[in-house]
Amino acid sequence: MSNAAEQVSKLSAESGVRLIGRVKWFDTVKGYGFVVPESVEGVILNQDVMMHVSCLRAFGENSADEGARIVCDIVERERGWQVLNIMEMDRPKASVMRDQGEAIVFERVIVKWFNAAQGFGFVNRPNDPSDIFVHISVLRKAGIDTLEPGTELSIVAGRGQKGENVIVVKK
């Protein structure tokens, strides 16, 4: 039996625990992210749960927005709790807009600061001092590894749990 077939067989034999939570972050380049649990059936869970891109693809998506509500089954493995399969998830904002035929409207922003080692930073709209959070995972989708202060970008912003954040960036 091939390695892939063994993995599929093993996964189908596993039964998971139902979790309701929110996507903390997801990096499409790395192929994984984390879910913050809000409610878990029969388990006390005080840690984030890893979500692999294969679970998203099996659900029909390639990415997940920060703060998106998710209902999934999770299992405990050698490296900790992981998403086994996704039952429900808020669709990525860019996907919804595209599917509804809405034009994705980009706006111009200026990089305030960015720390590549930490994987995040902030941008501002011209003449608006309020910060918009930007995570490295969003930049990587656009082929960007780092940002320099003062650089202009075109972005689509969305609302996350902690305020506004960049959900799409264009070079």
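Heads up: these notes are all about the structure in this document. What you see is a predicted model, and the numbers here were worked out from it, not measured in a lab.

Basis of the calculations
- Residues numbered from 1 in each chain as written.
- Predicted model: local features only at pLDDT ≥ 70, side-chain atom pairs only at ≥ 80, totals over all residues.
- Heavy atoms only, no water.
- Phe/Tyr/Trp six-rings, centres within 6.5 Å; stacked < 30°, edge-to-face > 60°.
- Buried < 20%, exposed > 50% of the residue type's maximum accessible area, 1.4 Å probe, protein only.
- Lys NZ or Arg CZ within 6 Å of the ring centre and 35° of its normal.
- Core = buried A, V, L, I, M, F, W, Y, C linked by side-chain atoms within 4.5 Å.
- Helix = DSSP H or I, 4+ residues; strand = E, 2+ residues; numbered from the N terminus.
- Contact = heavy atoms within 4.5 Å.
- Salt bridge = Lys/Arg side-chain N within 4 Å of Asp/Glu carboxyl O.

### Some details on the packing of aromatic side chains
A complete count under the given rule lists 8 aromatic pairs for this structure. Both rings, one in Tyr 32 and one in Phe 34, keep their centres 6.0 Å apart while their planes meet at 90°; by these two values the pair is edge-to-face. Pairing Trp 113 with Phe 120 gives two aromatic rings, centres 5.6 Å apart and planes at 65°, and the pair type is edge-to-face. For Phe 120, a relative accessible area of 24% translates into the label partly exposed. By way of ring pairs, the aromatic residues Trp 113, Phe 120, Phe 122 and Phe 133 are connected into one cluster. Above the face of the Phe 106 ring, Lys 170 is positioned so that its terminal group lies 4.3 Å from the ring centre.

### Things to note about the nonpolar core
If you look at the biggest cluster of nonpolar residues, it comprises 21 residues, and the most contacted ones within it are Leu 19, Val 49, Met 51, Ile 74, Val 83 and Ile 86. Taken together, the elements giving at least two residues each to this core come down to strand E1 (17–27), strand E2 (32–40), strand E3 (49–52), helix H2 (53–59), strand E4 (69–77) and strand E5 (80–89). Not counting residues up to four positions away in its chain, the partners in contact with Val 49 are Leu 19, Gly 33, Phe 34, Val 35, Ile 74, Trp 81, Gln 82 and Val 83. Formed by 16 residues, the second largest nonpolar core is a distinct cluster that contains Val 111, Ile 136, Ile 144 and Val 169.

### Considerations on the pattern of salt bridges
Throughout the structure, instances matching the rule amount to 9 salt bridges. Across the salt bridge formed by Arg 140 and Asp 27, the nearest N and O atoms sit 2.5 Å from each other. Of this pair, Arg 140 sits in helix H4 (residues 136–141) while Asp 27 sits in strand E1, and the two are 113 residues apart along the sequence. Through salt bridges that share partners, Glu 107, Arg 125 and Glu 164 make up one connected network.

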